[in-house]
Structure formats: C-alpha cells, structure tokens
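Below are the chains, spelled out letter by letter.
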Amino acid sequence: MSALLVHPETFTNQIATFGYEFLSFESRALARGEEFRGETAGRELAVVLLGGRCSVESSAGAWTNIGVRANVFQARPYTLYLPITTSFRITAETDCDLAFCYCRAEERFPAKLVTPDEVRVEIRGGGNATRQIHHMLTPEFPAQRLLVVEVYTPAGNWSSYPPHKHDVHNPPGEVDLEEIYYYRIDRPEGYAIQRVYTSDRRLDATLTVRDRELVLIPEGYHPVVAAHGYNVYYLNALAGSARSMAASDDPDYAWVRGTWTEQDPRVPLF
C-alpha cells in the first residue's frame, strides 16, 4: 500500500513511470536563465507551469515568455501540450517550477498552448466538500489519451468526494483511467489525507501526503481531505480506456450529494 505514495526524489529531474501502462511524470525546477532540453518520443506531453515564466522552442512550434503565477495558489495556469516525436528546449525567464505530465500515445495532434483565459473554472461539491477545479486538457481537447486538471481544496474540506472510481470500462457511466495526484500545500508543514480503497478492501490504504509528494490511483475509490489550516492543491493527470472523465460514486456515500444546500464561501480561492 505504501507504494501508492511516491516521494519527490523518484520523479524530480527524471521521468518516472510508476509501472503504469500510459502515464509518467516528472517535476523540474529551473533557475532563471537555465535551459532544459527534452524529447517526447512515443509520449504526448502536458507541461504545466506551476510557477514562473519560461520560453519554449520545439520542433512543433515556439512560445515566448509564458507564465503568469509565482506559485499554484495565485492564478490559473499556462499548460503547453506537445505531441509525440517532438524535441523541445525550455528556457527559464524567471525561476520556474514545472510539471511534466507524459502519456504513451501513437497518434500525433497539433501542439497547443492553453492560456489561463482558456482554463474553465468549476466550483464543485457543497458544504465542506466544496472545491475549485481548473480544467486544462479536457476530454474535448485534441489529444489521444492525456487529461489534465488541477484541484484546490480549502483547509478542512473534503475533495474527490463522494468517493468515486474509474477502473472499469463501462461507458458512458464509467471508464478505466490511471491517475496521479501531485500535491502542493500552501505551508510547508501542512498535509492532506488520501484514502485509496476497493469495495472488497483488497486495496485499502490511508496515506498522509505532504508538499510535493505524489499519490498513484491505479484503481479504487480515492477521497481526499485537507488538514485544518492548510489549503491543498493537487495536479491530476489521467489516461486510459477512453477520452472521458466518467466515474462512479461509492454507493455507500453517494447519498451525501443530496445534503448539499450551499457551497463554501471561501471558494473560489482566487
């Protein structure tokens, strides 16, 4: 069960596959003026600017001085989608904090920069299960498999709730998706709690997750709660049997949706 919680040294400055069929991930910090060169090869890629500004030159296009937020708790993101067989060079215009969400692919789609104005903001849930969703690579986005969103859970609130899963290919109600949760906490000593479990309890893990750690969701239900006093961010990358976010609630907890009469006034956080 502890293998579901991945520490930063596993994926910092190197691509980690986690044993997944499709998804892999890397985080990288660049100092101002520093460059990073890469190649997507047989993967499509979403580069999410967690903080800072950079310029990108690639065999699929060039983008100058992109990025608007100093950190994830300030604004909506820039996200750059690069297709398979693309070489790229990233130059940091300021100190940069970058997440690289890779996904195995065979089809080539056009490169595209998703700007903050194009990111759809959704306020989801109710009561102390209210959270803020930023939709970057949606099912409608022209890519083969990769889906990317980021989620903000205010201090003390629940997220990914009611517990839901997406591990069975049964469209349109549910599709089979691998998923990662990459966490940031607004204060370094903060934490979140994430549970990952299957209905038969063959998998039943409760994880304490700290800043910059990652949780794997290969299957099962996976709710999150933010520790009191600490706002929690996570970046989700998903890929699997269909280009869909369809999921099913745990039937034991689905009833709570009917109790939500208002949303947390702290949301949106910005």
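Please refer to the structure placed before this passage.
Residues numbered from 1 in each chain as written. Predicted model: local features only at pLDDT ≥ 70, side-chain atom pairs only at ≥ 80, totals over all residues. Heavy atoms only, no water.

Asks: Looking at this structure, how should I read the overall build of the protein?
Replies: Helix and strand counts for the protein come out as zero helices and 22 strands. In the protein, which comprises 270 residues, the proportion classed as buried is 54%. Partitioning the contacts of the protein with sequence separation of at least 6, the portion at a separation of at least 24 is 75%. Working note: accessible area of the protein is about 11,300 Å², and carbon and sulfur atoms make up 49% of it. (Helix = DSSP H or I, 4+ residues; strand = E, 2+ residues; numbered from the N terminus. Buried < 20%, exposed > 50% of the residue type's maximum accessible area, 1.4 Å probe, protein only. Contact = heavy atoms within 4.5 Å. Areas by Shrake-Rupley, 256 points an atom, 1.4 Å probe, with all protein chains shown as cover.)

Asks: How should the sheet that holds strand β7 (residues 79–82) be read in this particular structure?
Replies: Each strand in a sheet pairs with another by means of backbone hydrogen bonds, the pair being arranged parallel or else antiparallel. Pairing in this open sheet of five strands is antiparallel, and the strands run β2-β9-β4-β7-β10 from one edge to the other. Of all strands in the sheet, those with a lone pairing partner are β2 (23–30) and β10 (112–114), marking the two edges. Strand-to-strand twist in this sheet, taken as the mean axis angle between neighbours without regard to direction, amounts to 20 degrees. As defined by bridge partners, strand β4 (residues 43–51) adjoins β7 across four bridges and the pair is classed as antiparallel. (Pairing = 2+ DSSP bridges. Axes fitted to C-alpha atoms, helices over the stretch in contact; angles between N-to-C directions.)

Asks: Is there a simple way to explain the pairing of strand β5 (residues 54–58) in this structure?
Replies: For a regular strand, side chains alternate in direction, first toward one face of the sheet and then toward the other. Extensive coverage of β5 is indicated by the burial of four of its five residues. One ladder, built from four bridges, connects β5 with strand β6 (residues 61–66); its direction is antiparallel. Bridge pairing links E57 to A62 in β6. Relative to strand β8 (residues 87–92), β5 runs antiparallel, the two sharing five bridges. Residue pairing for β8: C54 is matched across the bridge by A92.

Asks: Would you mind showing me how to read the sheet that holds strand β21 (residues 232–240) here?
Replies: If you walk across this open sheet you meet the seven strands as β1-β19-β16-β21-β13-β12-β11, and the pairing is antiparallel. Each edge of the open sheet carries a strand with a single partner, namely β1 (5–6) and β11 (120–124). Both β11 and strand β12 (residues 131–137) contribute to a ladder of five bridges, which runs antiparallel. Across the sheet, the residue bridging to I123 is Q132, located in β12.

Asks: Looking at this structure, I do not really get the nonpolar core. What am I missing?
Replies: The tendency in soluble globular proteins is for nonpolar side chains to be buried side by side. One finds F25, L137, V148, Y183, V215 and L235 to be the most contacted residues of the largest nonpolar core, which totals 54 residues. Sorting elements by how many residues they give to this core places β21 first, with six residues. Contact partners of Y183, with chain neighbours within four places excluded, come to A192, Q194, V209, R210, D211, R212, E213, V215, V224, V232, Y233 and Y234. In this structure, A92, C96, L98 and F100 belong to the second largest nonpolar core, which totals 20 residues. (Core = buried A, V, L, I, M, F, W, Y, C linked by side-chain atoms within 4.5 Å.)

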